[in-house]
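Okay, here's what each chain looks like letter by letter:
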Amino acid sequence: MTARPDGALLVVGDVVTDVVARHQRPLAAGTDTAASIRRLPGGAGANVACWAAYEGCGDVRLLGRVGADTSVWHERELAAHGVRPLLVVDATAPTGTVICLVDTGDSAERTFLTDSGASLRIGPGDWSDTLLDGVAWLHLSGYLLFSEPSRALVSAALAAARARGVPVSLDPASAGFLTELGVDRFLGLVEGVDVLLPSRDEACLLTGLPDTADAAAKLSRHVPLVIVKQGAEGALVARTGAVSTRVASVTASPRDSTGAGDAFTGAFLAALLAGAEPREAAAAGCRAGARAVERVGGRPPGTADR
């Protein structure tokens, strides 16, 4: 599992519009709850790509599918973050939308209402093996596994990457959608992936084990390298059936946890492509995750904020 240091990172995944509603009080059913509401570019795949570029990866490309309604805006936002957008414009479906309900308490925990729109209509017809030209690493958003067309794209992309010797990582993306898909089906679909980056909840769901370290170890019997993201508890690195490293978290003052896992993944991949060992790359991921929760939305600071 060695990436060429001079190659690009290709991310394939979702590009959506986030509507982030930060509320100070519990939601009041049947009436109004005051909130601060912002419309922001998002999507797990797009966020990972932006954080990888922000963390120093010099050539980041993103393949995704959007609606004609917001395609220009999303392309502009990706380019502004240093990502080369390879967006397919859907003539029928609008861009996906996620309503992010964020509790502004100490944990800044969020709940998602998701309309995937065009993002899960991406399919094998949108893939070409030439997309891997010059690519040193392929990252797949787990959201691609939640529709038939995008599952077919995953199969085509994995086969092409294996044929070229390009390592592949995948982030499971959603414990809720994983439950609907089924654990056995998921594990079958990710066969051939080199790195798996689940959250703590996703790792436990995928293994049926309540202890995160045990879950990480078990998953690493299926996938060569497993990085379990634990938020405020840091991260675990597991290989060949055992946890090899526990990485400490970084202290943060949370405002919005939307995209924190994406920030971790993007920074982890950028560090790995720069030659870091998994332990060092996971530490970079923890630093980026801490930075992400102190911002509203799932993207890193723009050029003017650095």
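All values reported here derive from a predicted model rather than from experimental measurement. For every chain, the first residue of its written sequence is number 1, and the numbers climb from 1 along that sequence. Local features in a predicted model are, by the rule used here, given only for residues with pLDDT of at least 70; side-chain atom pairs are given and counted only at 80 or more, and totals for whole chains, interfaces and linings are based on all residues. To get the side-chain values, all heavy atoms of the structure are used, and hydrogens and water are removed first.

## Notes on the overall build of the protein chain
Inference 1: The helix count covers DSSP runs of H or I at least four residues long, the strand count covers runs of E at least two residues long, and both are numbered beginning at the N terminus. Looking only at helices and strands, the protein chain has nine helices and 13 strands in total.
Inference 2: The C-alpha radius of gyration of the protein chain comes to 18 Å, within 12% of the 19 Å expected for a compact globule of 306 residues.
Inference 3: Partly exposed describes any residue whose relative accessible area lies between the buried limit of under 20% and the exposed limit of over 50%, with all areas from a 1.4 Å probe on protein chains only and scaled to the type maximum. For the protein chain, the proportion of its 306 residues judged to be buried stands at 55%.
Inference 4: In what follows, a contact means two residues having at least one pair of non-hydrogen atoms within 4.5 Å. Long-range contacts, defined here as pairs at least 24 residues apart, represent 70% of the contacts in the protein chain between residues at least 6 apart.
Inference 5: Of the charged side chains in the protein chain, 28 are positive and 34 negative, and the gap between their average positions amounts to 3 Å. For a compact globule the rule gives 2.2 Å times the number of residues to the power 0.38, and the radius of gyration it is set against comes from C-alpha atoms. Note that His is not counted, nor are the chain ends; the positive residues are Lys and Arg, and the negative ones are Asp and Glu. By convention, the charge on Lys lies at NZ, on Arg at CZ, on Asp at CG and on Glu at CD.

## A closer look at the sheet that holds strand E1 (residues 8–12)
Inference 1: At least two DSSP bridges between two strands are required for those strands to pair. Overall, mixed pairing links the nine strands, which are arranged E5-E4-E1-E8-E9-E10-E11-E12-E13 in an open sheet. Two strands in the sheet have a free side with no partner beyond their single neighbour: strand E5 (83–90) and strand E13 (242–247).
Inference 2: As paired elements, strand E9 (residues 168–171) and strand E10 (residues 195–196) share two bridges and run parallel to each other. Within E10, the position partnered with Leu 170 by the bridge is Leu 196.

## Structural notes on the pattern of salt bridges
Inference 1: Note on definitions: salt bridges are taken to be side-chain nitrogens of Lys or Arg within 4 Å of carboxyl oxygens of Asp or Glu. Throughout the structure, instances matching the rule amount to 11 salt bridges.
Inference 2: The shortest N-O distance in the salt bridge between Asp 59 and Arg 61 comes to 2.9 Å.
Inference 3: Classification of Arg 61 as buried rests on a relative accessible area of 11%.
Inference 4: The closest approach of N and O atoms between Arg 164 and Asp 133, which form a salt bridge, is 2.8 Å. You can see Arg 164 sitting in helix H3 (residues 148–164) and its partner Asp 133 sitting in the loop between strand E7 (110–115) and strand E8 (135–141), a full 31 residues away along the chain.
Inference 5: One network of salt bridges, with partners in common, ties together Arg 65, Asp 90, Arg 121 and Asp 126.

## As for the nonpolar core
Inference 1: Side-chain atoms within 4.5 Å link the members of a nonpolar core, which is a set of buried Ala, Val, Leu, Ile, Met, Phe, Trp, Tyr and Cys residues. Core analysis: the biggest nonpolar cluster contains 45 residues, and Val 12, Trp 127, Leu 138, Leu 140 and Phe 186 have the highest contact counts within it.
Inference 2: With six residues, the single largest contributor to this core is H3.
Inference 3: Ignoring sequence-local partners within four residues, the contact set of Trp 127 consists of Leu 10, Val 12, Leu 63, Leu 132, Leu 153, Ala 156, Ala 157 and Ala 160.

## Remarks on the state of the cysteines
Inference 1: The rule for a disulfide is simple: a pair of cysteine sulfur atoms within 2.5 Å. Under the defined criterion, the tally for this structure stands at zero disulfides.
Inference 2: Not engaged in a disulfide, the cysteine Cys 204 finds its nearest cysteine sulfur in Cys 286; these two sulfurs lie 17 Å apart.
Inference 3: Given the relative accessible area of 15%, Cys 204 is considered buried.

## Regarding the packing of helix H1 (residues 44–54) against helix H8 (residues 260–273)
Axis angle and axis distance: for two packed helices, these are the angle between their axes and the distance between the axes, and together they describe the pair.
Inference 1: Only the stretch in contact is used when a helix axis is fitted, and all axes are lines through C-alpha atoms; the angle between N-to-C directions ranges over 0 to 180 degrees. Their axes nearest at 7 Å, the elements H1 and H8 cross at an angle of 45°. Classified by the angle between their axes, H1 and H8 sit oblique to one another. Judged by the twist between their axes, the crossing of H1 over H8 is right-handed. Residues Ala 44, Asn 47, Val 48, Trp 51 and Ala 52 of H1 lie in contact with H8, whose contacting residues are Asp 262, Ala 263, Thr 265, Gly 266, Leu 269 and Ala 270.
Inference 2: In this classification, the charged set is Asp, Glu, Lys and Arg, the nonpolar set is Ala, Val, Leu, Ile, Met, Phe, Trp, Tyr, Cys and Pro, and all remaining amino acids, among them Gly, are polar. Across the contact of H1 with H8, the residue classes tally to seven nonpolar, three polar and one charged. Any angle between 65 and 115 degrees counts as roughly perpendicular, while under 35 counts as roughly parallel, over 145 as roughly antiparallel, and the rest as oblique. Left-handed is the label given to a crossing in which the near helix is rotated counterclockwise from the far helix by less than a right angle, and right-handed is the label when the rotation is clockwise.

## Details of the sheet that holds E7
Inference 1: In space, the four strands of this open sheet follow the order E3-E2-E6-E7, with mixed pairing throughout. With partners counted over all chains shown, the strands left at the sheet margins are strand E3 (35–42) and E7, one partner each. Mean inter-strand twist for the sheet, computed between neighbouring axes without regard to direction, equals 20°.
Inference 2: Bridge count for strand E2 (residues 16–23) against strand E6 (residues 96–103) is eight bridges, and the pairing is parallel. Bridged to Val 20 within E6 is Cys 100.
Inference 3: In the packing of helix H2 (residues 71–80) onto the sheet, the strands contacted are E2 and E3, and the crossing angle to E3 comes to about 80°.

## Points about the packing of aromatic side chains
Inference 1: Here is the rule: rings of Phe, Tyr and Trp (six-membered ring for Trp) pair when centre to centre is within 6.5 Å. Planes less than 30 degrees apart are stacked, more than 60 are edge-to-face, and the remainder are tilted. This structure, assessed with the given rule, holds five aromatic pairs.
Inference 2: Each ring, one from Tyr 143 and one from Phe 146, has its centre 6.0 Å from the other, and the planes form 80°; the classification is edge-to-face. Each member of the pair, Tyr 143 as well as Phe 146, is classed as buried.
Inference 3: Seen from their ring centres, Phe 264 and Phe 268 are 6.4 Å apart, and the 10° between their planes marks the pair as stacked. Note that Phe 264 and Phe 268 are positioned in helix H8 at a spacing of four residues, about one turn of the helix.
Inference 4: Residue class for Phe 268 comes out buried when judged on its relative accessible area of 0%.

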